[in-house]
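Chain by chain, the residues:
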Amino acid sequence: MHGYQSTILYCRLFAPLFIPWLSLVHEQTHQFRISVSTGRTILQLQKTTNAIARTDPLDRFRKYRGQYNITNKHYWSSTIFTAGIYGYTVGLLWLIAGIVYSIYLLAVSCCFENKKRKQRSRMPCQKQCHLFPIVLTTVFTFVAIIASGVALGGNARFYSRAKTIMTVIISTADQASDSMYNATGAMRKMSINLEESGTFDGDKAARFLASTSDKLDYEATGIKEHAQRNRRLSVEVLTIMYILTSATVCLNLIAAITLSAFGVLRFRHVVYTLVVLAWLLMVLCWLLFGTYSFMEKFSGDTCTALHNFEQNQENSSLNTILPCDELRSAKTALSDVSIGLFEVLNQVNVNISILRANSLPSLNYVCNPFSGPPDFLYQPKDCPADSIHIGDIPQVLKMFTCSDISETRCNEGLITTSEYNVIETYTTSVQHLLDAYPVMENLVNCRLVKDTFSDILVNHCKPVKMHLKTTCVGMLLLSIAMMVLVLIWASTSLHENQQFADGSVKPNIVP
């Protein structure tokens, strides 16, 4: 008989509490949406510290005195210009010099095309004159080989580490969207259950929950699609940079070895062609050095911003691109939801305490996973061992439920199917919301973003900066080596061309 009374008591204890509470959920969810919109407006007006000072070519070469902000074109232009100015400048100057040199070679070729040249033979000092260029060429060819290995190794390690970071970021975005899907799934189940209850308030709350879950599903889908698009774009950019850098380094290495070999063997026309090709490759090498210098500076800015975010989230420059401040403004609404859940479950347990003291000492308490005021923290592990979850009540009542046809037995203490459905609707709805609460709490506290940034800062920042610095050093040494080799063989070829053009080459007479 105690079992029958318990089932009826559970029904009477829960049913009158849920309709007012659902109205509270309706109101607080609406406030949640308003607070997110308000937080976005406040975020746009927020000013952060840790400003940097760099020359901005888009602002008449005045100083950019903002902060790390990947949505600001002036941050990009100032960082690209300041960090890569040396590589870009040297590369462009050598490109102009190469064009002038090519025009000169064409002019010389055209002017002396029909001039009769004397027989080309070795000068008496030929071996002594070529000894120094050969030694210098050998040294810088070995420098080019070593620099190529350093650049290729750094580039490969950076590419691998960058893909790892992209995987971590995309995984976080997927977790965020999946969390939203879980929350909306719970809301949709609540909506269906409330709609089936047939009450006016239940239908009203069901329509609101259904529309809200649809909007959140749309946002979750947008996050996932946006993350996938960014992933494809990032992988394409990284792959292009990796292939372009590897190809440039390899071609420079081949050009250095080939140019030195044909230069020593004095294949003059082949050397002309190789000098032009090596010149263009050297220009590209300098430009890539500037690009990797910029990437090193950008990675340093990013890691500094991650460190500042970890130390002081509110004043971090990353707030301009992250939704954490927007979500932080919704904590009040989430707190009100937790208070509502606490009060509903606490009132049920108060009523159960009275019944346990009077006539039903074996009546189990319902688990209230929230701590008391003022924090109302979600702590499901603190529930007593003998308590039951609110979602388990339908299973307890199922064995005591009778069919509406058998009215006599139902009047004897069993509950009817319609009463059981009402209890199941309310208890299941609350349980779904409790299940979704940790997800909503993590989203509001931006826990996924914090954990991801901490992972990147601790495990990836230093290796990325080291690999980029290694690549920069390799590209710089390779550029310098190629510059010296091109100058040596360009000047040598020019000198020989002038000798042959003015007939100053004397035949080597053998006695």
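Calculation criteria
Residues numbered from 1 in each chain as written. Predicted model: local features only at pLDDT ≥ 70, side-chain atom pairs only at ≥ 80, totals over all residues. Heavy atoms only, no water. Helix = DSSP H or I, 4+ residues; strand = E, 2+ residues; numbered from the N terminus. Buried < 20%, exposed > 50% of the residue type's maximum accessible area, 1.4 Å probe, protein only. Contact = heavy atoms within 4.5 Å. Areas by Shrake-Rupley, 256 points an atom, 1.4 Å probe, with all protein chains shown as cover. Salt bridge = Lys/Arg side-chain N within 4 Å of Asp/Glu carboxyl O. pLDDT = per-residue confidence, 0-100. Disulfide = S-S within 2.5 Å. Phe/Tyr/Trp six-rings, centres within 6.5 Å; stacked < 30°, edge-to-face > 60°. Core = buried A, V, L, I, M, F, W, Y, C linked by side-chain atoms within 4.5 Å. Expected span 1.5 Å × (residues − 1). Arc of directions from axis to C-beta. Polar contact = N/O pair within 3.5 Å; in protein donor to acceptor, adjacent residues only side chain to side chain. Bend = angle between axes of the 7 residues up to and from the residue. Axes fitted to C-alpha atoms, helices over the stretch in contact; angles between N-to-C directions. Parallel < 35°, antiparallel > 145°, perpendicular 65-115°, else oblique. Left-handed = near helix turned anticlockwise from the far one by under 90°. Nonpolar A, V, L, I, M, F, W, Y, C, P; charged D, E, K, R; others polar.

The next subject is the overall build of the protein. A count of helices and strands for the protein gives 12 helices and two strands. Across the protein, helices and strands are ordered from the amino to the carboxyl terminus as α-β-β-α-α-α-α-α-α-α-α-α-α-α. Residues counted as buried form 43% of the 511 residues belonging to the protein. When contacts within the protein are restricted to residue pairs at least 6 apart in sequence, those whose partners lie at least 24 apart make up 76%. Summed over all atoms, the accessible surface of the protein reaches about 27100 Å², with 62% contributed by carbon and sulfur.

Time to look at the pattern of salt bridges. Applying the stated criterion to the full structure yields three salt bridges. Across the salt bridge formed by D301 and R54, the nearest N and O atoms sit 2.7 Å from each other. In this pair, D301 sits in helix α5 (residues 268-311) while R54 sits in strand β1 (residues 54-56), placing the two residues 247 residues apart along the sequence. Accessibility assignment for this pair places D301 and R54 in one class, buried. Between K469 and E296 there is a salt bridge, and its shortest N-O distance comes to 2.7 Å. In this pair, K469 is assigned in helix α12 (residues 461-502) and E296 in helix α5, connecting sequence segments 173 residues apart. With a relative accessible area of 46%, K469 lands in the partly exposed category.

Take the confidence of the model for the protein next. For the protein, per-residue confidence averages 75 on the pLDDT scale, and 70% of positions sit at 70 or higher. Between residues 1-49, whose pLDDT stays under 50, and residues either more than four places distant or in other chains, the model counts 93 contacts. Across residues 116-125 the pLDDT falls below 50, and counting only partners more than four positions away or on other chains, this stretch makes 14 contacts in the model.

Right, let's talk about the state of the cysteines for a bit. All told, the structure shown has two disulfides when counted by the stated rule. Here C303 connects covalently by a disulfide to C461, the sulfurs 2.1 Å from one another. Judged by the sign of its S-S torsion, about -105°, the cystine formed by C303 and C461 is left-handed. With C303 in helix α5 and C461 in helix α12, the pair connects residues that are 158 residues apart, well separated along the chain. Exposure class is identical for C303 and C461. Each is buried.

Bringing the packing of aromatic side chains into the picture now. Counting across every chain of the model gives 15 aromatic pairs. Three or more aromatic residues joined by ring pairs make a cluster, and in this case those are Y64, Y68, Y75, W76, F294 and F298.

With that settled, the discussion passes to the environment of L105. With respect to the helices and strands, the residue L105 is situated in helix α2 (residues 73-111). In the structure, L105 is positioned 167 residues away from Y272 in sequence and 8.6 Å away in space, judged by C-alpha atoms.

This part covers the nonpolar core. As a rule of thumb, nonpolar side chains are buried together in soluble globular proteins. Within the largest apolar cluster, 65 residues are counted, with the highest numbers of intra-cluster contacts made by V275 and W279. Listing elements by their share of this core, those giving two or more residues are α2, α3 (126-197), α4 (200-265), α5, α11 (447-459) and α12. Among the elements that line this core, the one with the most residues is α5, at 19 residues. Look past the residues within four positions of V275 in its chain and what remains in contact with it is Y101, L259, V486, W489 and A490. Counting 18 residues, the second-largest nonpolar core is a separate cluster that includes V348, I393, I423 and L433.

The next point concerns unusual backbone geometry. Positive phi outside glycine occurs at F61, with the angle close to 60°. One non-glycine residue with positive phi stands out, namely F376, at about 55°. With respect to the secondary-structure elements, F376 resides in the loop between α7 (331-358) and α8 (393-398). With a relative accessible area of 11%, F376 lands in the buried category.

Attention now moves to α11. Compared with an ideal rise of 1.5 Å per residue, which puts 13 residues at 18 Å, α11 spans 18 Å between its outermost C-alpha atoms and is within 8% of the ideal. Those residues of α11 that sit buried are V449, T452, F453, I456 and L457. Buried residues in α11, looked at end-on, bunch into an arc of 130°, giving them a common side.

Turning next to the side chain of N368. Structurally, the position occupied by N368 is in the loop between α7 and α8. By relative accessible area, N368 is classed as buried at 16%. At 3.3 Å, the side chain of N368 and the backbone oxygen of F342 are in polar contact. Once residues lying within four places of it in the same chain are set aside, the contact partners of N368 are F342, L345, N346, N349 and C383.

Since one α-helical turn is 3.6 residues long, residues separated by three or four positions face the same way. With 28 residues, helix α10 (residues 417-444) ought to run about 40 Å at 1.5 Å a step, and its terminal C-alpha atoms sit 39 Å apart, in line with that. Of all the bends in α10, the greatest reaches close to 35° and is centred on A436; the proline P438 follows between one and four positions later.

Our focus in this paragraph is the environment of Q379. Mapped onto the secondary structure, Q379 falls in the loop between α7 and α8. Among the residues examined, Q379 registers a relative accessible area of 31% and is labelled partly exposed. When the C-alpha positions of Q379 and P438 are compared, they lie 9.8 Å apart, and in sequence the two are 59 residues distant. For Q379, the contacting residues outside a window of four places in its chain are P369 and S371.

With that out of the way, let us pick up the packing of α5 against α11. It is at 10 Å that the axes of α5 and α11 come closest, and there the two elements cross at 130°. Between α5 and α11, the interaxial angle falls into the category oblique. Here α5 runs over α11; the crossing is left-handed. Each of C303, L306, H307, F309 and E310 in α5 lies in contact with α11, whose residues at this interface are K450, F453, S454, I456 and L457. A breakdown of the residues in the contact of α5 with α11 according to their chemical character gives six nonpolar, two polar and two charged.

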